[in-house]
Amino acid sequence: MNTEQRQAIAELIYRSCLALDAGDYKTFLALCTPDFRYTVSTYSPEIKREMVWLDHDRKGMETLFTGLPRHNSDHSPLSRHATVYTVEPDGTQAKVVSALQVFRTQLDGGNTELFAVGRFHDTVALDGGAPKLARRLVRLDTRQLGYGYHVPF
Amino acid sequence: MSKTEAQWNAAPKFPASHYVDSRLYTDPQIFAEEKEKLFKPAWIIACHESELPAAYDYRLFTHPAGVPLIIIRGEDEKVRAFYNICPHRGNTLLYDPSGNAKRVTCIFHQWSFDARGNCVQITREQEGYQQRFCKDDVGLREVKCEVAYGGFVWVNVLDDCVPLRDFIGGALDILEPFMQQPMEVFHFHKAHIHTNFKLWHDTNSEFYHDYMHYFNRITGMLQPGYFERKYTPFPNGHASVGSMQIQYDKYEGSKERAVGWPGLARGGWYMVDLFPGMTYNLRTSVIRIDTSIPLGPNDVLIEFRGLGLKTDSAEERAQRIFDHNMIWGPFGRNLHEDLLGVTGQGRALRQGTGSRWILHGREENNTIHDEVGMRHYYAEWSRRMGRPAYDPYREGKAEPVRAAA
């Protein structure tokens with residue numbers, strides 16, 4: 001994998017954060033393959049179990065996004081900070097691990113707080129054209145999310 | 001018509017049983033009394049037996065009254081509960097929230113205890129204490145502990161407490177047919193919310209706020225049977241909510257639930273609210289349990305558990321987890337709305353905001369939008385606190401003044 005390919009993959013990860021931060025779900029989904037799958041998981045030391053907190057295919061993500069205006073949600077914007085740690089080519093894909101920090105900024109007064117930390121474990125499709133997200137596993141370290149959030153990380 | 005200060009502060013035009021003083025949610029003195037008078041005498045869900053599958057497995061739990069507890073399964077399979085406090089120098093005995101400890105050993109001076117609370121080692125015992133003091137003179141402080149009502153581990157920190165059965169008083173009978181098979185916890189998370197614990201229980205005790213939930217409006221409120229769901233009050237402040245058939249397929253992205261619950265009608269949904277701050281919530285394919293741990297007048301830590309059946313296949317379990325997450329996970333449609341709602345109450349009811357009364361005045365023959373669940377709760381609150389909830393600072397406040405609605 002050359003530097004340009006690696007840079008394009010890193011840019012994909014960063015663009016996915018920018019799109020979600022902006023609430024631009026159409027752009028986010030345009031960065032994903034038709035068979036995209038998105039999962040949030042974490043491990044509970046309390047019950048000693050792996051837990052899945054969200055799991056959707058592309059259609060499920062579309063529905064989640066289009067349904068947002070019908071719900072009462074916290075409107076504080078999120079800032080997703082990703083740092084690409086590793087990119088490992090795997091045939092027509094690349095496995096990408098990125099550090100993730102999510103900050104939430106209150107609308108009233110603009111106070112910013114750290115909301116969650118974890119990692120993106122992404123599978124990026126490289127088969128022609130621009131790289132696209134085929135699989136995103138958000139592996140959370142943070143398990144206390146207060147009143148939660150309606151939009152995925 | 002808008003109100004002047006005097007009009008805003010005037011008592012509502014309801015019977016005294018149909019509103020409460022908003023200072024119930026902010027007064028530190030009342031909060032301290034609640035821990036003593038409501039939580040200490042209550043049986044509280046500490047965890048589920050599936051969290052302690054093997055001998056010596058333990059879970060830590062901070063009791064709502066403030067006591068740190070170790071819940072541990074002995075080699076005899078019995079589950080017991082002890083203070084997580086070393087009797088030597090008061091150190092915390094176990095630090096990790098779960099684990100397996102054949103010996104509970106304090107890291108400070110290596111005193112050890114077994115799963116029955118016996119002291120089994122005092123380091124350099126003879127040298128330090130000679131014949132004056134020995135292992136038999138110390139032990140862990142044990143508290144009442146029972147596994148019941150679906151395999152949940154209940155604790156009570158008072159030695160002279162009422163039996164668990166008397167405390168429940170038949171409130172969970174409605175769920176007994178659905179809790180005959182072993183269950184298993186698959187979801188656990190805590191939410192620290194800036195609100196009073198009673199406001200969370202209120203939210204679980206009334207369905208009028210379904211107007212906040214698009215999911216519940218479309219799958220429930222607009223469907224047949226919704227307005228026939230009834231509240232049933234039980235002794236000790238508990239209440240249950242009857243079932244209906246939820247139409248899950250009415251919500252885009254949802255569908256009729258593929259996995260049900262043994263004995264429960266298709267789309268069924270029962271709830272039982274237990275005084276002073278726990279809820280059983282059987283919603284078609286999943287049981288959710290809420291346990292509130294009050295941290296301050298405007299702070300509560302809520303433990304959320306999701307359970308399926310121990311016999312679940314991988315596919316069944318995955319479906320239950322999906323169903324759970326759609327509405328009740330940290331990213332779910334309903335839980336976020338509920339928690340946002342009570343956070344807003346916490347914000348508006350803080351001391352100094354000018355809030356004055358909370359209305360519980362809806363009467364609809366005990367059906368789903370009737371506020372009888374809250375009236376029943378605050379009748380018990382008044383009785384136990386010796387303060388009328390509508391006037392908690394009244395002279396001679398010890399008089400129990402309100403009957404259940």
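Residues numbered from 1 in each chain as written. Chains lettered and ligands numbered in written order. Predicted model: local features only at pLDDT ≥ 70, side-chain atom pairs only at ≥ 80, totals over all residues. Heavy atoms only, no water.

Participant: Quick question: what am I supposed to make of the interface of chain B and chain A here?
Facilitator: Taken together, the contact between chain B and chain A spans 36 residues of the former and 33 residues of the latter. When chain B packs against chain A, the two sides together hide about 3,100 Å² of surface, and 57% of this comes from carbon and sulfur. Area buried by chain B at its contact with chain A is led by F331, R333 and H336 of chain B, which between them contribute 26% of it. Along the contact surface separating chain B from chain A lie 2 salt bridges. Of the charged contacts in the structure, one is a salt bridge between K48 of chain A and D57 of chain B, with a shortest N-O distance of 4.0 Å. Across the contact surface, chain B and chain A share 18 residue pairs in polar contact (both at pLDDT 80 or more). Sorting the residues of the side of chain B that touches chain A by element identifies β3 (57-62), β6 (98-100), β12 (183-193), α6 (214-221), α7 (314-328) and α8 (333-348) of chain B as the ones contributing at least two each. Here the element with the most residues in the side of chain B that touches chain A is β12 of chain B; it accounts for 10 residues. (Contact = heavy atoms within 4.5 Å. Buried area = accessible area lost by both parts, 1.4 Å probe. Salt bridge = Lys/Arg side-chain N within 4 Å of Asp/Glu carboxyl O. Polar contact = N/O pair within 3.5 Å; in protein donor to acceptor, adjacent residues only side chain to side chain. Helix = DSSP H or I, 4+ residues; strand = E, 2+ residues; numbered from the N terminus.)

Participant: What is the right way to read the packing of aromatic side chains from this model?
Facilitator: Working definition: an aromatic ring pair is given by the centre-to-centre distance plus the angle between the planes. Applying the stated criterion across every chain yields a total of 26 aromatic pairs over all chains. Ring centres 5.5 Å apart and planes at 25° place the aromatic pair F178 of chain B and Y270 of chain B in the stacked group. Residue F178 of chain B is found in the loop between α4 (164-168) and β12, and its partner Y270 of chain B is found in strand β15 (residues 269-274); the two are separated by 92 residues along the sequence. Residues F178 of chain B and Y270 of chain B agree in their burial class; the two are buried. With a centroid separation of 5.9 Å and 90° between ring planes, the pair formed by Y208 of chain B and Y211 of chain B is classed as edge-to-face. Clustering of aromatic rings is evident, with ring pairs tying together Y25, F28, F36 and F65 of chain A. Over the aromatic face of F188 of chain B sits the side chain of R59 of chain B, whose NZ or CZ is 5.2 Å from the ring centroid. Above the face of the W328 of chain B ring, R288 of chain B is positioned so that its terminal group lies 5.0 Å from the ring centre. (Phe/Tyr/Trp six-rings, centres within 6.5 Å; stacked < 30°, edge-to-face > 60°. Buried < 20%, exposed > 50% of the residue type's maximum accessible area, 1.4 Å probe, protein only. Lys NZ or Arg CZ within 6 Å of the ring centre and 35° of its normal.)

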